[in-house]
Amino acid sequence: SSGINAEYGGERGAFYCVLDTGLSKTSSGARIFGVLKGAVDGGLDIPHSSKRFPGYNTESGEYDAGAHRSRILGEHISSYMQSLLDEDEDAYKRQFATYR
């Protein structure tokens, strides 16, 4: 039978994968690393470093999961929308006319 085998190195465990970014940009904080984080959280065994995830602070060398979560939920877009509305209502209407 030709089934999928979840053994790596003789041990059963999560599927071992390698991230192939193809032509996607691989700068730190790029969306592709959000996808990687979701795959790792979902149980896949993918070699990675949290230094590439949104929410990693290069100065302190620490990863902030809360900052990453706020990016996933689009809180940065919400705050931009609110600041634009406060500063220039016409610009807000032009930028977000199709969103309701």
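Residues numbered from 1 in each chain as written. Predicted model: local features only at pLDDT ≥ 70, side-chain atom pairs only at ≥ 80, totals over all residues. Heavy atoms only, no water.

### As for the layout of surface pockets
Move 1: Empty space within the largest pocket amounts to approximately 190 Å³.
Move 2: Every residue lining the largest pocket is listed: Gly29, Ala30, Arg31, Gly34, Pro54, His68, Arg71, Ile72 and His76.
Move 3: Looking at the lining of the largest pocket, the elements that each hand over two or more residues are helix 1 (31-41) and helix 2 (65-72).
Move 4: Taken together, the residues that form the lining of the largest pocket break down as three nonpolar, four polar and two charged. (1 Å grid on protein atoms, 1.4 Å probe; cavity = no way out; pocket = protein on both sides within 12 Å on 5 of 7 lines; lining within 4 Å. Points joined across faces, edges and corners; volume = space filled by probe spheres on them. Helix = DSSP H or I, 4+ residues; strand = E, 2+ residues; numbered from the N terminus. Nonpolar A, V, L, I, M, F, W, Y, C, P; charged D, E, K, R; others polar.)

### Here's the deal with a negative patch on the surface
Move 1: Taken together, the side chains of Asp86, Glu87, Asp88 and Asp90 make up a negatively charged region of the molecular surface.
Move 2: Following the sequence through the fold, Asp90 ends up in helix 4 (residues 89-95). (Patch = residues over 30% accessible without salt bridge, like charges linked within 9 Å, V, L, I, M, F, W, Y side chains within 5 Å. Areas by Shrake-Rupley, 256 points an atom, 1.4 Å probe, with all protein chains shown as cover. Salt bridge = Lys/Arg side-chain N within 4 Å of Asp/Glu carboxyl O. Lys, Arg positive; Asp, Glu negative; His and termini not counted. Charge placed at Lys NZ, Arg CZ, Asp CG, Glu CD.)

### Comments concerning the side chain of His68
Move 1: Tracing the chain through its elements places His68 in helix 2.
Move 2: Not counting residues within four places of it along the chain, the set of residues in contact with His68 comprises Gly34, Lys37, Phe53, Pro54, Gly55 and Tyr63. (Contact = heavy atoms within 4.5 Å.)

### Side note on the confidence of the model for the protein chain
Low pLDDT marks stretches whose predicted atomic positions should not be read closely.
Move 1: For the protein chain, per-residue confidence averages 83 on the pLDDT scale, and 86% of positions sit at 70 or higher.
Move 2: Across the protein chain, helix 3 (residues 75-87) holds the top mean pLDDT of 93, while strand 1 (residues 7-8) sits lowest at 58. (pLDDT = per-residue confidence, 0-100.)

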